[in-house]
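# Chain and residue survey
Here is how the chains run, residue by residue.
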Amino acid sequence: LAALGAEIGIEGGVIAASAPRGLTGARIVLGSPSVGATETAMMAAVLARGESEIVNAAREPEVADLAACLIAMGARIEGAGSHRLLIAGRAELRAASHDIIPDRIEAGTYAIAAAITGGQLELTHARLEHLAAVAQTLEQVGVRLWPGDRGLIVSGEGLSGVDISTEPYPGFPTDLQAQFMALMTQATGASLIRETVFENRFMHVPELMRLGASIALQGTTALVRGPTRLKGAQVMATDLRASVCLVLAALAAEGETIINRVYHLDRGYEQLDVKLRRCGADIVRLSD
């Protein structure tokens, strides 16, 4: 944003941003292909004066979907879905109608829910092309995924451990790493899970171990041995994906599990408890 001419500062712990002279097109080189950084730069550049180039842009479907929405509103963007975006700024955008793509992380989470319980689910509107790396990994584990009339059908049993490394899209997404770790506690053999995208993305490990998981953590790598007999316990959610990871583990555990601080869940999952209950899960949300 500063490269485009914004003035950014921190005042009393709050970020203050302004552009008294407006924004001007610039070349922006991202240190890593961050989705949020790419989308922020793209939204700013479409209304900046002149042309902008975003290098090392994120390639996630959500970025291309945002670009499609902006283009429908009159923006001029080239290269969406690649590592290089070219944007010609405009004075204003117009109103438009746009259908948002299905949430691939939500779809992947429910696919793992089917696998960890040995069940079968139909994921309406889920797109296999957005889940290629996840689908390939799950098939190696022993999960079956195939297209249906309304989306994807997932079925899983007889799971085997596999190794994964999280990567920017189109690699295995970091936002499914915690859920996959829960699944590996029920797979036969050892699984090595390496986190390369975010730091502190293993805060769910101690909570999974409270349920009986066998996990050895060293730096950015976790070794999961399974299958383990999980037993219900009282655990605490530390972030969004850790929250749903514990829900998945609880579905496979014997007895009752109480998950505290589930307000994290609502940031990324609409009515998770209601949807799982419709699938036969014994799950209720307790009042504070």
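Below is a short write-up of the structure.

About the criteria used
Residues numbered from 1 in each chain as written. Predicted model: local features only at pLDDT ≥ 70, side-chain atom pairs only at ≥ 80, totals over all residues. Heavy atoms only, no water. 1 Å grid on protein atoms, 1.4 Å probe; cavity = no way out; pocket = protein on both sides within 12 Å on 5 of 7 lines; lining within 4 Å. Points joined across faces, edges and corners; volume = space filled by probe spheres on them. Helix = DSSP H or I, 4+ residues; strand = E, 2+ residues; numbered from the N terminus. Nonpolar A, V, L, I, M, F, W, Y, C, P; charged D, E, K, R; others polar. Pairing = 2+ DSSP bridges. Axes fitted to C-alpha atoms, helices over the stretch in contact; angles between N-to-C directions.

### Things to note about empty space enclosed by the protein
Scanning the model with the defined rule gives 4 cavities of 30 Å³ or more in all. The calculated volume of the largest cavity comes to roughly 60 Å³. In terms of lining residues, the largest cavity is bounded by Arg-104, His-130, Leu-131, Ala-132, Ala-133, Val-134, Tyr-169, Pro-170, Gly-171 and Pro-173. Considering each element in turn, the lining of the largest cavity owes the most residues, 3 residues, to helix H4 (residues 132–141). Looking at the lining of the largest cavity residue by residue, the class counts come to 7 nonpolar, 2 polar and 1 charged. Empty space within the second largest cavity amounts to approximately 50 Å³. Sorting the residues of the lining of the second largest cavity by element identifies helix H3 (104–116), H4 and strand S9 (151–156) as the ones contributing at least two each. Split by residue class, the lining of the second largest cavity holds 10 nonpolar, 1 polar and no charged.

### As for the sheet that holds strand S6 (residues 84–88)
The strand order across the open sheet formed by 4 strands is S3-S4-S6-S5, and the pairing between neighbours is mixed. Across the chains shown, the open sheet's two edge strands, defined by having one partner strand only, are strand S3 (27–29) and strand S5 (76–78). Averaged over all pairs of adjacent strands, the angle between their axes in this sheet comes to 15 degrees, without regard to strand direction. Relative to strand S4 (residues 51–55), S3 is paired through 3 bridges, and the arrangement is parallel. Paired with Arg-27 across the strands is Glu-53, a residue of S4.

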